[in-house]
Structures are given as structure tokens and as C-alpha cells.
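# Structural characterization, general
These are the residues of each chain, in order.
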2 protein chains.
Amino acid sequence: MTTAAPDSTPIPADPGSPAPAARVRIGLLGCGTVGGALARLLEERRSTIEARTGVEISIGRVAVRDIAKSRDVGLGAELFTTDTMSVVEDPEIDIVVELIGGVDPARDLVARALELGKPVITGNKALLAVHGAGLYAAADAAGVDLLFEAAVAGGIPLMRPLRESLVGEPVTRVMGIINGTTNYILTRMSEEGASYDEALAEAQELGYAEEDPTADVEGHDAAAKAAIIATIVYGAIVQADEVHREGIAGITADDIAVAARLGYAIKAIAVIEKAGEGADGGPEVAVRVHPALVPLTHPLASVRDSFNAIFLEGDAVGDLMFYGRGAGGEPTASAILGDLVDAAVNRVNASSARIGSFARAVVRPVADLLSAYYLSLAVVDQPGVLARVAEQFGRFGVSIRSMEQQGLGDGARLIFITHTSRESAVQDTLAALRELDIVSDVHAVVRVVGDEI
Amino acid sequence: MTTAAPDSTPIPADPGSPAPAARVRIGLLGCGTVGGALARLLEERRSTIEARTGVEISIGRVAVRDIAKSRDVGLGAELFTTDTMSVVEDPEIDIVVELIGGVDPARDLVARALELGKPVITGNKALLAVHGAGLYAAADAAGVDLLFEAAVAGGIPLMRPLRESLVGEPVTRVMGIINGTTNYILTRMSEEGASYDEALAEAQELGYAEEDPTADVEGHDAAAKAAIIATIVYGAIVQADEVHREGIAGITADDIAVAARLGYAIKAIAVIEKAGEGADGGPEVAVRVHPALVPLTHPLASVRDSFNAIFLEGDAVGDLMFYGRGAGGEPTASAILGDLVDAAVNRVNASSARIGSFARAVVRPVADLLSAYYLSLAVVDQPGVLARVAEQFGRFGVSIRSMEQQGLGDGARLIFITHTSRESAVQDTLAALRELDIVSDVHAVVRVVGDEI
């Protein structure tokens, strides 16, 4: 057995001449869908990876919860153990791949690996969105890689382009469809006129949504990913609980149809943007997750089914979008494998990707955010209603971009799209509207993004 | 002045402790739109790059054609010279950035830099599409980086994700909108019903198309980029002259309107796919550039104006798409800068990206390619015409998926969409149709991609 200490088996100086490959042994924590797919991909691509990088990557040990469970992943039974920490601490393990998910015990395992100077690959968004600050700092202090391409948007190469291709690029805004379940539900509602409940049930049948869909439909999953994106894009720690969250359960097929007539798709998106300069000179950021009207001509509007996409507005590079599978064993394993090759090559070269040690970000409160809004009000159908409603918008300085009446009599609704306004002013307007006897219901309040007005 | 020889100024072992940055000096060949933008970006981002990578990058010398020309790029006059080779050979220059374009003298300059062990960054697609084989081999032999993110799809991170994130990923097919000019023209024709000539004139006014638009509208530009993508994706050299090319000048606004009614957009695309195994065990590839009908539900269909996008179908990762600005000074400079940081860090670490040394690809002849087709025939409007036309399809085994008649009398046309058929069989069918007295014109023959039928 060969340990791949940085100085013992370097990349040959002349890659043209065949030389024994450097060997790197990984410890796999967890061997479910993603871990199994990773083991298969590693086996299939071993020779290609070795030819392109000069590094041979093998799985040295695997920690699982139930050792008796049969696994068809082509790994010998002697590699498996239930003692997770022993895998991390095994001196013959060079790199740790953490796929067990959740905050505990993942946090201790990752921290211990970094402390031992071992690079870590993880797809654990919950861990990073809560304890990222400490872990990034630990990786930085140890000078080893902590890579997490799989934590956001599954198989889509995003973290590497952000970190490497766009190094130093000032980013105005990132808008992402980063939860496949909600995008699937909204696509079905849009394309088939299905109700929210019907579309959710369909997503559950197909395995896109959990039996308890809260984490997806209430935006918890997207908030964790948005926090990670914000941290990497703006170089300052944003935690999941600092992300403003609104779910999609209030959206109806009718809202989607009205939006389409007005030239918009309704999508569940994350918006991560620079809101200003913080007092310490760092960026002040705004991070939120909510349904939104997106113009049909915007690239995000045509992201269908369970696909993910991240749209980025950069200073020099202009608009970029990355699109692909945000979940699933094989796409996620593909992202893990890309990180693994990177970490293995870096380890052999005694270098690392150096995320940097971040300060906490200044996060702007949601009340101070600016957005345009789509509002749908159920009103009494009588003369003078529009004037009384419009007066409330005027009182709080919310300017109306377009208005139309839908339906008559008891079913009458007024649909407004506002110009860009401050959240607090819109909330004040809504409170005032709810007080009016002629407004029987404020049905939908959805932000409009992607066409600055 | 500091030379950044790999062993003289290494990255500090503990990046947590401030240490003097390694310095890397670049020689810039060419200082036009992209070179000027690069100089500005380097200046703006110097401190961020240094903080994130520990490397300080500065412009050491600049070769230009006309030294008297005024340039507002913030570089001292003493850095400029007209002697291009002297910049390459200057012992104080660590990395060469080639932005002069064209094959000669770029080829000699790049080759000389590699021979001297200096990494090269280039955006020169013409050079790589013709002489890539020799240059990749030279870089490989010297163990230095030859990076060219900017050569394909401008600012879109594509080469790095292909090379690093997707290392070893078997790719079934890549479809790309990789020429912004033709996408702009087709978007105007589609959205405004403009004629080809009107849309071209508009593109020329806006500076999206050259006075002589041949390189764009006849597909030469896209063919060079497609050759480079094919080489990187399949690990075997494809040259520009091996790419089958068809231009967009024959497409009418009417074709676009008919296609839209049938559920398709017409886009100028590059298709790069694995066609089989070559005799030597390497891949047999098919590479072509032509207008195509793309289903309106396909992500490529909504790529508008002068944007580029590359859609990739991978074995494990699934469908991916990369979207952004394919041209322009700043997006291109952004791609060059990403490569430059990579090469600078690698140089300091004494490593390189190792493209690999490629054999020539086996390229399948266009006559043997498979595709579905959209055909528009002008016919005499009389009974029995369809039977006689359909008979010709049958003779050559081309199966019809849908047919509709458009117009009456002298303006009558038959629109066919075929099932997937061999190119040679379609060409034989067309030749036979042209012989029929009832067919007055075979107006449009456009491949259909993206919905396998």
C-alpha cells in the first residue's frame, strides 16, 4: 500500500514519459445512492483519470450505518466499517468524502479530517449553511481543500467556475432555480393547469418530493443553498437562517395563467444580490428565496421540470447561466468526482484551492429590499373601487406599472404590477388595502424579477 | 524585479500567515479591445486575486503593431514594443497571453513560448482549430499550460468545467449555439418577421456582423469552435476542415414561422457527437454546423439575440447547459483572466493542467450521419401529388413523421418532417424529388435536433 504524501510521490516533471501514478486513497463516509454511484463512476473512469492527471484514486475504507446491508457497488466487504471516525483517522486515508448528510456527526467528522490535514469533499448543504464559517476557516488554516460542488445544484459545475473562472469578478446579482421539486410542481401547474395539491402529489409519486414536503415547498432547502452561493460569490459568510424565505403553497394555477397572459412565468427562485457596502467596507448582501414572476423572455423562465439553473449577472463577463440536474445519485456523484480529482491532484502537488477565511456578511433586512410586485386583490365590483385602491398605493409611494380587472361581480379581481418599491412600503400598502371594506381578499403577493422597472 | 521560477517563490505552506506573494509577469501579445479590457480587469482585481491565490500578476511587456497609437489602458509607454518575439523570449516574462489572432505569426510565437517552458493563454480559435494537435503536444511535452477558455463561447466557463468538473464523463452529444451573429439574425427574423437581409443589415449596424459576414453566416467561425470542443470532449484531434458546414442564408422568415407553428425554433447550431468506435478503439465522432429545428421546449430554443449556449448530454451528469456572452472585449477578457490566474497558480506550484497529447479523431463522413429533417417543397396543386412525392421517400427508406400542405395553387407547398434517417438516403430522396415535374422547387432542407424520433 502506498500513502500519497505530498512529497513522496510527486507528479512526474515530464508528463510525456510514463511514470508510476501517484496514489490517493479516499475514505467514504456513507454509501447510499450518491456513494454507490460514486464508487461505480470511480471504477469506470479510473484509467481515464489516471491518464489525464497522473493520479490513481481508490476507495480505501467505507463507513456505513448498517454493515449487513447488501450493496452492489463492487467494493470488498473488508473495506466496510460502522466506525465513522476510524475512517477519518486512518493514516492510510488521504481524502475524506462526507456523504452522510445532516449537521451531526458530520460536523465533527469534517472538522477532524481538516485538523489532520486531510482534504474533504462534501455535498452537505445543511452542514455548510450552518457551520460553513468554522469549517472554511479550518480548511484555510490547515491549507487543505474543502470542496462542495455537490452541495448546490447537484451535477451543475457552479462552485468551480465561481471560484476559478470568475475569480475577482464583481457580481451584481445571482438568481437561481435551485430546488428541483418546486420547479417540477410549478411546471406541472403551468403546463397542465394542475392545482398545487395535484402537482405536489404527482411529484411525490415520482419521488421528486418527500412525503413531508416542507423542506422543499417552504424554501428551507433553497435557503441553505442560497446561503452557500452568497458566501462564495461575495466572500462573506451568510447563514441559512439569515435568508428570507417564502414558500410556494399559496400560488394557484390561476395566478400562473394570469402571469402568463402578462408575459411572465412563476418560478421559485433564490435571489442573491449586492445591496450596498457594509460599514466595514465589505459587501452588504440581500439573500432571499420566494416565488417570483420572471419574464418569459428571461432564460430562467424556460427551465422546466426538475431542472436547476443559476443565472449570474457579472460586471465584466455579463450574463451567465448554468443549467442542469440539481439532484439525483449520478449527477451528484459526478460533482463529487470532479472535486475529488481536484483535491487528489492538489494533494499530490501539495497545493489547495484556498477558499479563504471569511468574515460574516452584512445581510440587509427584508423590509429594506427593493422589488417590483404582482398583487391580486379580490374586490367588490362597483364604481370608484379602483380610485380607492389606487389611493392606498399612492399614500405609501408605491407606483403602479400596470393594472387590469379580471372577472366581474363576486369574482372580480384587480391585478397590479408595481414599479420597483421598498418591501416595507408594499407591506404598509397591503395592510391599508386589507382595511378597506371593498377589498375582500389580498390573494397573491409575488415579487417580479428579471425586468428592472 | 522578481522572476517567478517555480522553486524560487513557492506558495507559503500555511496560507493563513501573510507571506510575500509569488510574482508572475505576463507578456501580452496584442493590445486591442480584449487586451485593453484585460489590462483594466487585472488592475481592478489585483488585490482580490492576490488575497485569494497568493499570486501577484502584472503585465511585464506588451507587443503591438503600432506603438504610436494611443491606448488608455494604464500601462507605461516603456512596456510597449513592436518586436513580438522579443516579448516571448524575454527571460523576465513568465506567461504569454496571445491575443493577436490568425494563424501566422501566432503559431510560431505560441510554439516558441511553449518551447521555452512558458505557459500560454490564447483566445485564438483559428490557430487551435488548424494547429491544435502540434501545440497541445508541445504543451504536454513541456509540461506547461496551454489554456484557451476564450477561444470558444467568449466569457462562458466551458473548457474548465469540461476539463476539470467532467473529467472522464462519457459525453453522448454536445449541441451549441456558438456564433452570436447568426443567433442574433435568426432571433430578429423570428421575433420581428424580418427577412434574412434585413436582419443581417441590422446586425451589421450594431457591430454584431462584419461588413463581409461570410465567416459567421457560412459557419466558418462556428466550425473552428466546434472542432475545438470536439477535441476536448472526445480527447482526439478534430480540425476545422473536418467539420461539415451549412450556412443560414437560405432560411426565410416563412420557414421560421412554419417551424414555430410546428413547435420548433430555427437555430444555427453546432452538433458534436459520438458516432461510434473508431478502428483503433478511440471514438468516432460526428461534427457539423448548420441551421436546425430545435423543439421550443428545449433549453437551446430560448437562447436569444447574440447570446451563446452549449448544451451537453453526459452519461452520469445528465443534461447540462452553459449560457452567456460569446464575444465582446470584457467577457472575453474575463475568460482570459480566469485562465491566467490558473496558469499563474500552476506555475508557482510547478504543475500544469495537462491537456494530454491527442491522436487524430476518426470523423464520420456527413453522408453517413443520422438526423431527422424538415423539408419544404413547392408543388403543383393537383390530386395525386402527395402520393407521388411520398413514393420517393419510400424508395429510399426515409420514413415520414408528419406532413402538411401550406397554401393553394401556385403557392402550394408540402412541409415534411421525417423520422431519423441517414443523410445519404435523404439526399437521394431529394435528388429524386427534384426530377419530378410536379415539384417545382425544394425550398428548405433543415435538420431537426433535440427530440429523438
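One structure accompanies this document, and this report is about it. (Residues numbered from 1 in each chain as written. Chains lettered and ligands numbered in written order. Predicted model: local features only at pLDDT ≥ 70, side-chain atom pairs only at ≥ 80, totals over all residues. Heavy atoms only, no water.)

## So, a nonpolar patch on the surface
So the rule is basically this: Residues with no salt bridge and a relative accessible area higher than 30% make up the patches, which join like charges within 9 Å and nonpolar side chains (Val, Leu, Ile, Met, Phe, Trp, Tyr) within 5 Å. Each accessible area is a Shrake-Rupley result for a 1.4 Å probe, and residues are judged covered by the shown protein chains and nothing else. By salt bridge we mean one thing: a side-chain nitrogen of Lys or Arg within 4 Å of a carboxyl oxygen of Asp or Glu. Where helices and strands are cited, they refer to DSSP runs of H or I of at least four residues and of E of at least two residues respectively, numbered from the N terminus.
Together, Leu386, Ile400 and Met403 of chain B make up a nonpolar patch on the protein surface, roughly 210 Å² of accessible area in all. Along the chain, methionine 403 of chain B falls in strand E17 (residues 400-406).

## Observations concerning the sheet that holds strand E6 (residues 146-147) of chain A
Residue and element names in this part refer to chain A. Convention followed: Any two strands between which DSSP finds at least two bridges are classified as paired. Every residue pair with non-hydrogen atoms within 4.5 Å of one another is taken to be in contact. Every axis corresponds to a line fitted to the C-alpha atoms, with the helix fit spanning only the stretch in contact, and the corresponding angles, defined between N-to-C directions, vary from 0 to 180 degrees.
With parallel pairing, the six strands of this open sheet are ordered in space as E3-E2-E1-E4-E5-E6. Two strands lie at the open edges of the sheet, namely strand E3 (80-81) and E6, each paired on one side alone. Summarising the sheet, strand E1 (residues 22-29) and strand E2 (residues 55-63) pair through eight bridges and their orientation is parallel. Across the sheet, leucine 29 pairs through a bridge with alanine 63, a residue of E2. Along the sheet, helix H1 (residues 33-53) contacts E1, E2 and strand E4 (95-98); its crossing angle with E2, the most-contacted strand, is approximately 160 degrees.

## What to know about the environment of alanine 153 of chain B
Residue and element names in this part refer to chain B. Here is the rule we go by: Residue burial is assigned from relative accessible area. The probe radius is 1.4 Å, only protein chains are included, and a residue is buried under 20% of its type maximum, exposed over 50%, and partly exposed in between.
With respect to the element layout, alanine 153 can be found in the loop between strand E6 (146-147) and helix H5 (159-165). According to the relative accessible area criterion, alanine 153 is buried, its value standing at 1%. For the pair alanine 153 and serine 47, spaced 106 residues apart in sequence, the C-alpha separation works out to 28 Å. When near neighbours in sequence (up to four residues on either side) are disregarded, alanine 153 contacts Asn308, Ile310, Arg325 and Gly326.

## A few points about the side chain of arginine 188 of chain B
Residues and elements named next belong to chain B. Here arginine 188 shows up in helix H6 (residues 180-192). According to the relative accessible area criterion, arginine 188 is buried, its value standing at 9%. Not counting the four nearest positions on each side in its chain, arginine 188 is found in contact with Gly193, Ala194, Ala199, Glu202 and Asp305.

## Section: the packing of helix H4 (residues 125-142) of chain A against helix H9 (residues 220-234) of chain A
When two helices pack together, their arrangement is captured by the angle between the axes and the distance separating the axes. Residue and element names in this part refer to chain A. Rules: In these notes the angle categories are as follows: under 35 degrees is roughly parallel, over 145 is roughly antiparallel, 65 to 115 is roughly perpendicular, and the rest is oblique. For a crossing to be left-handed, the near helix must be turned anticlockwise from the far one by less than a right angle; the clockwise case is right-handed. Only Asp, Glu, Lys and Arg are considered charged in this grouping, and only Ala, Val, Leu, Ile, Met, Phe, Trp, Tyr, Cys and Pro are considered nonpolar; every other residue, Gly among them, is considered polar.
Interaxial distance between H4 and H9 falls to 7 Å at its minimum, and their mutual angle equals 30 degrees. It follows from the interaxial angle that H4 and H9 lie roughly parallel. Between H4 and H9 the crossing geometry is left-handed. Counting all contacts with H4, which are made through Lys125, Leu128, Ala129 and Tyr136, the residues of H9 involved are Asp221, Ala224, Lys225, Ala227, Ile228 and Thr231. A breakdown of the residues in the contact of H4 with H9 according to their chemical character gives six nonpolar, one polar and three charged.

## Quick word on the interface of chain A and chain B
Rules: Two parts placed together each lose some accessible area under a 1.4 Å probe, and the buried area is that loss summed for both.
Chain A puts 52 residues into the contact, and the matching count from chain B is 52 residues. A buried area of about 4500 Å², summed over both sides, lies between chain A and chain B, and 53% of it is on carbon and sulfur atoms. Taken together, chain A and chain B are joined by four salt bridges. The residue arginine 45 of chain B makes a salt bridge to glutamate 169 of chain A at a minimum N-O spacing of 3.1 Å.

## What about the sheet that holds strand E2 (residues 55-63) of chain B?
Pairing in this open sheet of six strands is parallel, and the strands run E3-E2-E1-E4-E5-E6 (chain B) from one edge to the other. Two strands bound the open sheet, and with one partner strand each, they are strand E3 (80-81) and E6 of chain B.

## Some words on the side chain of threonine 187 of chain A
With respect to the helices and strands, threonine 187 of chain A occurs in helix H6 (residues 180-192). Sequence-distant contacts of threonine 187 of chain A, defined by excluding residues within four places in its chain, comprise Glu192, Lys267, Val303, Arg304 and Asp305 of chain A.

## Topic: helix H3 (residues 106-115) of chain A
All names here are of chain A. This is how it is decided: Throughout, the arc means the angular range of directions from the helix axis out to the C-beta atoms.
For H3, the complete set of buried residues consists of Ala106, Leu109, Val110, Ala113 and Leu114. With its buried residues spanning 130 degrees around the axis, H3 presents them on a single face. Against the buried residues of H3 lie E1, helix H2 (84-89), E4, strand E5 (120-122), H4 and E6. Following H3 by one or two positions, glycine 117 adopts a phi angle in the positive range, close to 80 degrees.

## A look at the relation of the copies chain A and chain B
What counts, and what does not: Superposition of the copies used a least-squares fit over C-alpha atoms from residues whose pLDDT is at least 70 in both.
For the match of chain A to chain B, the screw axis carries a shift of 0.0 Å, the RMSD comes to 0.0 Å, and the turn is 180 degrees. These values place the two chain copies in the arrangement generated by a two-fold rotation axis. Within chain A, phenylalanine 322 of chain A has its C-alpha nearest the rotation axis, a separation of 2.5 Å. By residue overlap, the copies meet face to face through one surface: 100% of the interface positions of chain A are interface positions in chain B.

## Description of the pairing of strand E20 (residues 439-448) of chain B
Regular strands show a simple pattern: their side chains alternate between the two faces of the sheet. All names here are of chain B. Relative to E20, strand E11 (residues 283-295) runs parallel, the two being bridged by two bridges. Across the sheet, alanine 292 pairs through a bridge with arginine 447, a residue of E20. Sheet topology note: the strand E16 (residues 370-379)/E20 ladder contains eight bridges and is antiparallel. Looking at E20, one finds that valine 379 is bridged to valine 439.

## A word on the pairing of strand E18 (residues 413-418) of chain A
Residues and elements named next belong to chain A. A large share of E18 lies buried, amounting to six of its six residues. Side-chain alternation along E18 places Arg413, Ile415 and Ile417 on one buried face and Leu414, Phe416 and Thr418 on a second face that is also buried. Examined bridge by bridge, strand E16 (residues 370-379) and E18 share five bridges and lie antiparallel to one another. When the sheet's bridge partners are listed, alanine 378 is paired in E18 with arginine 413. Once strand E17 (residues 400-406) ends, the chain turns through six residues before running back antiparallel as E18, passing glycine 407 with a positive phi of about 75 degrees.

## Focus: unusual backbone geometry
Cis geometry marks the peptide bond from aspartate 104 of chain A to proline 105 of chain A; its omega dihedral reads 5 degrees. Structurally, the position occupied by proline 105 of chain A is in the loop between E4 and H3. One non-glycine residue with positive phi stands out, namely aspartate 305 of chain A, at about 55 degrees. Here aspartate 305 of chain A is to be found in the loop between strand E11 (283-295) and strand E12 (307-314). Of note in this structure, alanine 153 of chain B is not a glycine but carries a positive phi near 60 degrees.

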